[in-house]
Amino acid sequence: MDFNSWVATLRDALQVDNNSLSLNNGHWEVEDRKSLLYSLRTRIFDSHLNQIKECAVEVLSEIDPQFELPTEERYAAKIHGKVLKYSSDLRQGLAETLAILGTHGNILQNCSPHKSETIAILSLREIFKHADWQLWGSLNDLLPALSEASPSEFLNTVEHALRQTPCPFDKLFAQEGNGISGRNYMTGLLWSLEGLAWSEEYLVRVALILAELASRDPGGKWANRPANSLTTILLPWFPQTLASIDKRIAAMKAIKSDFPDIAWKVLISLLPNQHQTSSGAHKPRWRSIVPEDWKPEVSNKDYSDQVVGYAELAVHMACEDLDKLKEIVGNLDNLPPTSFDAILDYLSSESIIELPENERLPIWTKLTDFASKHRRFAETEWALAADIVTKIEVTANKLSPTSLEGLHRRLFSNRDFDLYEERGNWEEQRKKLDGKRKQAIHEIFAAQGLQGVITFIDSVESPNQVGWALGQIATNDVDTNLLPDYLAIESVSYQQFASSFVWSRYHLHGWNWVDNLNRSNWSLSQNCQFLMYLPFVPDTWRHATEWLGNSENLYWEKVNVNPYQSDSDISQAIGKLLEVKRPQASIDCLYYRLHEKMPLNNKQVVLALLSAVSTDEPVNTMDPHQIVDLIKALQNDPETDKDDLFNVEWAYLRLLDRFQDAAPKLLETRLATQPEFFCEAIRLVYRSKFEEKKDEEPDEQREAIASNAWRLLHEWRRPPGLQEDGGFSAKEFESWLNIVKEQCTESGHLEVAMNTIGEVLLYCPPDPQGLWIVEPAARALNARDAEDMRNGFRTEVYNSRGAHWVDPTGKPERELATHWREKADAVENASFGRFAATLRELATSYDREAERISEELKTRIK
């Protein structure tokens, strides 16, 4: 039967009462496939099933041509013509047919016993016989249905793929992309395994497969990961399996045996905590594994039994691995009492107490920090009881380090808040912590000298805190021993130490300390580095001039600019930074002046902004918020040179596209008031209809200019004729429009120019006589030769809506249809019939959009 005859048969069947077919927007669907199979149970024979198998194997064995493209281009596969031979509907239908045959084929009365199940098994076997990563990726969306066709055969197939060398899933993991054009090709497989895990029969097997996939998973930004699927399936408070608790624990034991690292990661994620969430796992659609009335209700006993079971496994693993032991210490409050006691007992055992200090120290640190946190937040609901915290502290004391370095190391972290002992009065807590740090460095210095402090730097997280504390207790001898040798050292840790030491000494003793240093043997670079460690203030800049002389620019080329350290005029700094070609740093200073409401030198602002466009400074140091605010300041200052402002707006047009309510005001004004400028912009973007298309690509500079001009025209919101006070001049509008028509007709750009003008006329103000749009603009849009202008107006109405949430009822679209129909009536009553016709077409398009959305909703509900 050819296609036309087949469709004719379907149309006849559609007229029969109680038929199983429906036709929506040209799309044929079966309303209830199980019921249809039941109604045809006597009319299907073995030969039909064999034909289904042949079709399924042929269609589903096809490799998706999108995989011929690089990963980043696959989102545009249709544009490149890389599409499957068979439609997605046919592929989905065949996959689901195999699922139905595998689950409900026993109702076929005239087929051989178990024929339908056999067909499902053989189909999967042939489809995946030589499956590589591309076929697995091609079937990604269909795998949940195929897994239900024959779970055992499907799991056999996955296990076989995992044993292959190379493993196809390794390559499939590597295809994962980022952003809106990226895709995760493992989701279908994960959903399939989640669906089968609902059954106790398959749970352990699925768990082992997921664990092996997790062991191969290189990680990525997508949340769909094998380890996450395992956690989702086994969560004690929201399990996504009907398997017994003993079977769930057995699954984790099996993973622990074969994939201990994955087991550990999953076990930690299964322990109770305050941050667990779950949206649930994929449920089988065709197999009746999950009852329709099933609810995720877990009794207190079931929950407790699961948590105890998982915790016991975690504790057992932790007691066999020192790294895992350190990690579980941070989860003590998530352990049930028996596991909690077991861990503390083990930590108090001789095998741990007698460990070398360097191995014992991380455990002691974690226990100490853990106990401190619960002491500090003792009044909260989640905090452990005081007697339990005491038990932790007793255990920690048994592991306490004997060396000063080990005892004080935890004080020098970057997380001051975690080291506070009380809540509230944070300033007082900071002072206490500073005192502890000074005392710690004093003890190390007294026992081991300066070299002991230097050695201590290598063991701490925050060398700058060591430098600050040493600076507070240091003597002149320490200054002499550290300076200048530690000013030119390349180690980042030592640079942080030296910087904070200099800062600390300066803040303790001021400029007298700086001026009394013996710098007779210091090199130029050492002098410069020392100055860069001092505050960014005029006194430092004066010292730079005096100490560095003709080499003063060395300071300005490298200094870390922080204008908020100075409470004086920083105009000198801005000038110096511009002189050494650091416009982005000068922008920081200019923004500081703007933020502090200090006067700005417009010439400096313009120079900094224009220089920043081509600077060698790192791009990531540019703050678009600062730049936009400085441009706004230029726009609002009547003293700003118009040509300078034009150049700045043109250079930063990308940022001014309605960023922070910004706009290229001068450029838009010139478009609206200087028709010659508008015509030039049109010519920069669009080719004349008189000019033959050229094959060669434009050079980079011309392409950038055209891109800027397009952006300016695309974002233009000030219509010609609009006055500064909000009024509208018909004379200026008509004069501007006539000149544009004349010039663009001559250059061959009239159609595109009229279309662009139609777009901006959407933003015209209401007419003083009551019409919703000024009458001169309506008259222009209504002209006999203004079809291009009306098309542009209609296009801008669509585009101005922007990104929006689609209401499945279509209500917003119907409201828009009513809105524009009312506007059409208004302009028609004002004798602008052609313009009214365009608006009615616009209203009709919104009506149709509402109908389409509503129909899609009905289809989804079915």
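What comes next is a walk through the structure. (Residues numbered from 1 in each chain as written. Predicted model: local features only at pLDDT ≥ 70, side-chain atom pairs only at ≥ 80, totals over all residues. Heavy atoms only, no water.)

## As for the overall build of the protein
For the protein, the count of helices and strands is 44 helices and 2 strands. By the compact-globule yardstick of 29 Å for 862 residues, the protein is too spread out, its C-alpha radius of gyration being 37 Å. Its C-alpha atoms give the protein principal-axis dimensions of roughly 105 × 90 × 50 Å. Residue pairs in contact within the protein that sit at least 24 positions apart in sequence constitute 70% of those at least 6 positions apart. On the protein, roughly 44100 Å² of surface is accessible, and the fraction owed to carbon and sulfur atoms is 48%. One way to put it: in the protein the 93 positive side-chain charges average out to a point 3 Å from where the 130 negative ones average out. (Helix = DSSP H or I, 4+ residues; strand = E, 2+ residues; numbered from the N terminus. Rg over C-alpha atoms; globule rule 2.2 N^0.38 Å. Contact = heavy atoms within 4.5 Å. Areas by Shrake-Rupley, 256 points an atom, 1.4 Å probe, with all protein chains shown as cover. Lys, Arg positive; Asp, Glu negative; His and termini not counted. Charge placed at Lys NZ, Arg CZ, Asp CG, Glu CD.)

## Comments concerning the nonpolar core
Grouped together as the largest cluster of nonpolar side chains are 126 residues, with contacts concentrated most on Phe 530, Tyr 555, Phe 678, Ile 773 and Phe 793. Among the elements that take part in this core, helix 23 (residues 426-457) stands out by supplying 9 residues, more than any other. Other than its neighbours up to four places away in sequence, Phe 793 contacts Gly 758, Glu 759, Leu 761, Leu 762, Trp 772, Ile 773, Leu 781, Trp 820, Phe 835 and Leu 839. Core analysis: the second largest hydrophobic core is formed by 97 residues, Ala 149, Met 186, Ile 245 and Ala 263 among them. (Core = buried A, V, L, I, M, F, W, Y, C linked by side-chain atoms within 4.5 Å. Buried < 20%, exposed > 50% of the residue type's maximum accessible area, 1.4 Å probe, protein only.)

## A word on empty space enclosed by the protein
Counted by the stated rule, this structure contains 1 cavity of 30 Å³ or more. Roughly 40 Å³ of internal volume is contained in the largest cavity. Around the largest cavity, the lining residues are Phe 128, Lys 129, Ala 131, Trp 136, Thr 157, His 160, Ala 161 and Gln 164. Among the elements that make up the lining of the largest cavity, the one with the highest residue count is helix 8 (residues 151-163) (3 residues). Among the residues making up the lining of the largest cavity, the classes are represented as 4 nonpolar, 3 polar and 1 charged. (1 Å grid on protein atoms, 1.4 Å probe; cavity = no way out; pocket = protein on both sides within 12 Å on 5 of 7 lines; lining within 4 Å. Points joined across faces, edges and corners; volume = space filled by probe spheres on them. Nonpolar A, V, L, I, M, F, W, Y, C, P; charged D, E, K, R; others polar.)

## A look at the side chain of Arg 593
With respect to the helices and strands, the residue Arg 593 is situated in helix 32 (residues 583-595). Given a relative accessible area of 8%, Arg 593 falls into the buried group. Residues in contact with Arg 593, not counting those within four places in the same chain, are Asp 569, Ile 570, Ser 571, Ile 574, Met 598, Pro 599 and Leu 600.

## Digging into the layout of surface pockets
By volume, the second largest pocket is sized at about 860 Å³. Considering the residues around the second largest pocket, the lining is formed by 32 residues, among which Gly 330, Lys 366, Asp 369, Phe 370 and Lys 373 are closest to the centre. Within the residue set of the lining of the second largest pocket, elements represented by two or more residues are helix 19 (357-376) and helix 22 (416-419). The dominant element in the lining of the second largest pocket, judged by the number of residues it contributes, is helix 19, at 8 residues. Looking at the lining of the second largest pocket residue by residue, the classes come out as 11 nonpolar, 9 polar and 12 charged.

## Concerning the packing of aromatic side chains
Inspection of the entire model under this criterion finds 37 aromatic pairs. Geometrically, the ring pair formed by Trp 237 and Phe 238 is stacked, given 5.6 Å between the ring centres and 25 degrees between the ring planes. Owing to a relative accessible area of 17%, Phe 238 belongs among the buried residues under this scheme. Their ring planes at 25 degrees and their centres at 6.5 Å tell us that Phe 497 and Phe 501 sit as a pair that is stacked. With Phe 497 and Phe 501 both in helix 26 (residues 492-509) and 4 residues apart, this pair spans about one turn of that helix. Residue classification places Phe 501 among the buried residues on the basis of a relative accessible area of 1%. (Phe/Tyr/Trp six-rings, centres within 6.5 Å; stacked < 30°, edge-to-face > 60°.)

## Focus: the packing of helix 37 (residues 675-685) against helix 38 (residues 700-714)
One can describe the packing of helix 37 onto helix 38 by two numbers: an axis separation of 8 Å at closest approach and a directional angle of 125 degrees. The angle between the axes of helix 37 and helix 38 places the two elements in the oblique class. As helix 37 packs across helix 38, the resulting crossing turns out to be left-handed. Across the interface between the two elements, Phe 677, Phe 678, Ala 681, Ile 682, Leu 684 and Val 685 from helix 37 touch Ile 705, Ala 706, Ala 709, Trp 710, Leu 712 and Leu 713 from helix 38. The residue inventory of the contact of helix 37 with helix 38, partitioned by class, reads 12 nonpolar, no polar and no charged. (Axes fitted to C-alpha atoms, helices over the stretch in contact; angles between N-to-C directions. Parallel < 35°, antiparallel > 145°, perpendicular 65-115°, else oblique. Left-handed = near helix turned anticlockwise from the far one by under 90°.)

## Digging into unusual backbone geometry
Following Thr 165, the chain continues into Pro 166 via a peptide bond in cis, with omega recorded as 0 degrees. On the secondary structure map, Pro 166 appears in the loop between helix 8 and helix 9 (168-174). Residue Leu 483 is joined to Pro 484 through a cis peptide bond whose omega torsion reads 10 degrees. With respect to the secondary-structure elements, Pro 484 resides in the loop between helix 25 (476-482) and helix 26. Located in the positive-phi region is Lys 581, a residue other than glycine, with phi close to 65 degrees. Relative to the helices and strands, Lys 581 resides in the loop between helix 31 (571-579) and helix 32. Even without a glycine there, the phi angle at Lys 597 is positive, about 60 degrees. Checked against the element boundaries, Lys 597 lands in the loop between helix 32 and helix 33 (602-612).

## Thoughts on the packing of helix 16 (residues 322-329) against helix 17 (residues 337-347)
Viewed as axis vectors pointing N to C, helix 16 and helix 17 meet at an angle of 125 degrees, and their least axial separation amounts to 12 Å. In terms of orientation, helix 16 and helix 17 fall into the oblique class. At the point where helix 16 passes helix 17, the crossing takes the left-handed sense. Two secondary-structure elements touch here, helix 16 through Leu 325, Ile 328 and Val 329 and helix 17 through Ile 343, Tyr 346 and Leu 347. The residue inventory of the contact of helix 16 with helix 17, partitioned by class, reads 6 nonpolar, no polar and no charged.

## A look at the state of the cysteines
Defined simply, a disulfide is a covalent bond joining two cysteines at their sulfur atoms. In total, this model carries 0 disulfides according to the counting rule given. In this model Cys 744 remains outside any disulfide bridge; the closest cysteine sulfur is found in Cys 679, 3.7 Å from its own. (Disulfide = S-S within 2.5 Å.)

## Examining the pattern of salt bridges
Scanning the model with the defined rule gives 41 salt bridges in all. One salt bridge in this structure joins Arg 410 and Asp 369, with 2.5 Å as the shortest N-O distance. Remark: Asp 369 occurs in helix 19 and Arg 410 occurs in the loop between helix 21 (404-408) and helix 22; sequence separation between them is 41 residues. Linking Asp 418 and Arg 415 is a salt bridge whose minimum nitrogen-to-oxygen distance equals 3.4 Å. The class for Arg 415 is partly exposed, based on a relative accessible area of 42%. Through salt bridges with shared partners, one network takes in Glu 176, Asp 217 and Arg 225. (Salt bridge = Lys/Arg side-chain N within 4 Å of Asp/Glu carboxyl O.)

## Digging into the environment of Phe 377
Within the fold, Phe 377 resides in the loop between helix 19 and helix 20 (386-398). For the pair Phe 377 and Arg 423, spaced 46 residues apart in sequence, the C-alpha separation works out to 7.1 Å. If sequence neighbours within four positions are ignored, Phe 377 has contacts with Trp 382, Ala 383, Phe 417 and Arg 423.

## Side note on the environment of Ala 383
Tracing the backbone shows Ala 383 in the loop between helix 19 and helix 20. Taking the relative accessible area as the measure of exposure, Ala 383 reaches 15% and is therefore buried. Taking the C-alpha atoms as reference points, Ala 383 and Asp 333, 50 residues apart in sequence, are found 8.3 Å from one another. What Ala 383 contacts, discounting residues up to four positions off in sequence, is His 374, Phe 377 and Ala 378.

## Observations concerning helix 42 (residues 787-800)
Relative to the 20 Å expected for 14 residues at 1.5 Å per residue, helix 42 spans 20 Å between its end C-alpha atoms, a close match to the ideal helical length. Taken as a whole, helix 42 has its buried residues at Met 789, Arg 790, Gly 792, Phe 793, Glu 796 and Val 797. Seen end-on, helix 42 carries its buried residues on one side only, within an arc spanning 155 degrees. Positive backbone phi, approximately 65 degrees, marks Gly 802, located one or two places after helix 42. (Expected span 1.5 Å × (residues − 1). Arc of directions from axis to C-beta.)

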